[in-house]
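# Commentary on secondary and tertiary structure
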Amino acid sequence: MNILFVAAECAPFVKVGGLGDVVGALPGVLARLGHSVRVVVPHHGLIDDGRFGIEPHHTFDLRWNEGITRVEVAHTVHDGVPHYFIRGWPYFARIDRFVYHQDEGIDVGRFLFFAAATLEFARYLAGSEGWSADIIHAHDWHTAMVPYLLSRVYADDPALGRAATVFSIHNMRYQGWGVGWHLARAGLPPVDNPLLLAAKRTDNALAIGIVHSTVLSTVSPRYAQEITSEAGGFGLDGLLHARLSNLVGILNGIDTRRWNPATSPHVPYRYDASTLDRRVKNKLALQAEVGLPQRADVPLAGVVTRLVEQKGPAILFPAMHHMLHYAEMQFVLLGTGEYQYENEAWWLGQAFRHKAAILLAFDEPLSERIYAASDMFLMPSLFEPCGIGQMIAMRYGSLPVVREVGGLADTVSPDVGFLFADYSPGALQWTLGRALDVYYNDAAGWRERQVRAMARDLSWEASARRYVELYERARDVHRQYA
Ligand code: ADP
């Protein structure tokens, strides 16, 4: 099958969170299963072209808003898969120092342009290289207008009309409001779907993608259920109910070649499940690096996160104030995000200078040193579509302490990690207390949990096969309606 991935992020070129991990890993696995995969992402200014051998590919003119925009396509091959990068002034300019704009309204315009340019580029691929997509796989609201434009503008196009669309929801919280104005400005058809009109969601990119895609997926079975409830649907649960028969939850994997404590150049003292004794050297090295007392015997809890409401700062910080006050433990947090949460994190570090290290940065090599050094890894999320952090942590033998929601509930079992249900500081404290009890009083039990964690199959292979089944289903459904 010919599969075109379209997304806002793709590791290792540009990554903000788990979306980048997924789009960075899944295409290569599908290619190894024998499919022809290509990936299109915006040519964000932050992408380091020199490092990745990204070269100009070709340019074309796109009628856009009041004039004509010259679209520049660049290209490289990564993991055996051709990757294309799209820019057109003023969108995704070389000087931009962000992936997502603070103002969602501006992002809606940037990503509508990206969707339109991507589809024109897909026609070019068909015309000049004879490669036309059977499946276009779009991710999150940023690319939700791809299925929309495909069904409204390109339905009869000889190259694109045959493509079925798969739309994967990585997070219901971000929806892309205000798209109607940008559609009108670009002279594109207004949204008039009766479901969207009735739900008053004609202006909402995520809702538009949900309604116009051939099939839908989300990133864990538990999250697939949660988003159809009022609490998890963020106002779109009704629309999802209307599409329930075409919605599946497929768990993310991780790139187990990239994330491997036995081989990664970013792990100072490499280890595997049979050499776990070496792991403590990574703890001592990290303690020295971040200015904590070097103590092998004290448990170190790690967090690597975007600092936003979803990740549970409202319970994390009060719980850590309590735990660092009363328990013999250390804490290291690496994260960036909203000012109020960065501020709270910083104050925690000030209150416990010898027990907590707060690093307000985005730093992937440092994140890996934290995964390899911490004894436990905390994800007390309010909601969590899948979560990549807890999976990397398990692969590195850091035991996850997580709230039992979404993908955390689907990936962390009680024989490996520590789970709690209630969204309260007390529940997190109590669960951390349980973890500390095992750490201090049952070293053999702790080691067994680590070995089980590291033995878990977190690779993409099984999930990639489920995506292939979904692509086949999408093709059947599309043929039926075409
Ligand atoms: P989300 O996509 O909601 O942010 P996930 O757990 O799915 O959450 O994915 C987060 C990914 O981003 C993980 O690979 C994690 O290691 C990485 N990450 C998050 N914050 C940072 C940071 N400050 N520095 C380095 N990596 C980070």
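Our subject is the structure that appears above.
Our subject in this report is the structure included herewith. (Residues numbered from 1 in each chain as written. Predicted model: local features only at pLDDT ≥ 70, side-chain atom pairs only at ≥ 80, totals over all residues. Heavy atoms only, no water.)

This part takes up unusual backbone geometry. Here Ala 11 and Pro 12 are connected by a cis peptide whose omega angle stands at 0°. Within the element layout of this structure, Pro 12 appears in the loop between strand S1 (2-6) and helix H1 (18-32). Geometrically, the link from Trp 89 to Pro 90 is a cis peptide bond, its omega value of 5° lying close to zero. Relative to the elements of secondary structure, Pro 90 occurs in the loop between strand S5 (81-87) and helix H3 (104-129). (Helix = DSSP H or I, 4+ residues; strand = E, 2+ residues; numbered from the N terminus.)

What follows concerns the sheet that holds strand S14 (residues 399-403). Across the sheet, which stays open at both edges, the six strands sit in the order S12-S11-S10-S13-S14-S15 with parallel pairing between neighbours. Two strands bound the open sheet, and with one partner strand each, they are strand S12 (356-359) and strand S15 (418-420). Recorded for the sheet is a direction-independent mean angle of 15° between the axes of neighbouring strands. Two strands pair when backbone bridges link them, and strand S10 (residues 300-307) and strand S11 (residues 330-337) are joined in this way by eight bridges, in the parallel orientation. Considered in S11, the bridge of Arg 306 is made with Thr 336. (Pairing = 2+ DSSP bridges. Axes fitted to C-alpha atoms, helices over the stretch in contact; angles between N-to-C directions.)

Right, let's get into the pattern of salt bridges. All chains considered together, the criterion is met by 23 salt bridges. A salt bridge links Glu 328 to Arg 295; the shortest N-O distance between them is 3.3 Å. In this pair, Glu 328 sits in the loop between helix H12 (313-326) and S11 while Arg 295 sits in the loop between helix H11 (279-290) and S10, placing the two residues 33 residues apart along the sequence. Put simply, Lys 15, Asp 21, Arg 258, Glu 364 and Glu 368 are held in one network by salt bridges that share partners. (Salt bridge = Lys/Arg side-chain N within 4 Å of Asp/Glu carboxyl O.)

To continue, consider the site of the ligand. In the neighbourhood of the ligand, 22 residues make up the surrounding shell, with Gly 18, Arg 306, Lys 311, Ala 361 and Tyr 371 lying closest. For the ligand, an oxygen atom lies 3.0 Å from a polar atom in the side chain of Lys 15. Contacts to the ligand include Asp 21, whose side-chain N or O atom sits 2.8 Å from an oxygen atom. Residue assignment for the shell around the ligand shows that the elements contributing at least two residues are H1, S10, S11, helix H14 (364-373) and helix H15 (389-395). Partitioning the shell around the ligand into residue classes produces eight nonpolar, eight polar and six charged. (Near = heavy atom within 4 Å. Polar contact = N/O pair within 3.5 Å; in protein donor to acceptor, adjacent residues only side chain to side chain. Nonpolar A, V, L, I, M, F, W, Y, C, P; charged D, E, K, R; others polar.)

So, about the sheet that holds S5. Strand order in the open sheet made by the nine strands is S3-S4-S5-S2-S1-S6-S7-S8-S9, with mixed pairing throughout. Two strands bound the open sheet, and with one partner strand each, they are strand S3 (55-64) and strand S9 (247-249). Adjacent strand axes in the sheet meet at a mean angle of 25°, parallel and antiparallel pairs treated alike. As paired elements, S3 and strand S4 (residues 67-78) share nine bridges and run antiparallel to each other. Pairing of His 58 across the sheet is with Val 73, part of S4. Across the sheet, helix H7 (residues 205-212) lies against strand S7 (164-169) and strand S8 (215-218), angled at about 135° from S7, the strand it touches most. Where helix H19 (residues 461-481) meets the sheet, its contacts fall on S1, strand S6 (135-139), S7, S8 and S9, and the angle it forms with S7 comes to roughly 135°. (Contact = heavy atoms within 4.5 Å.)

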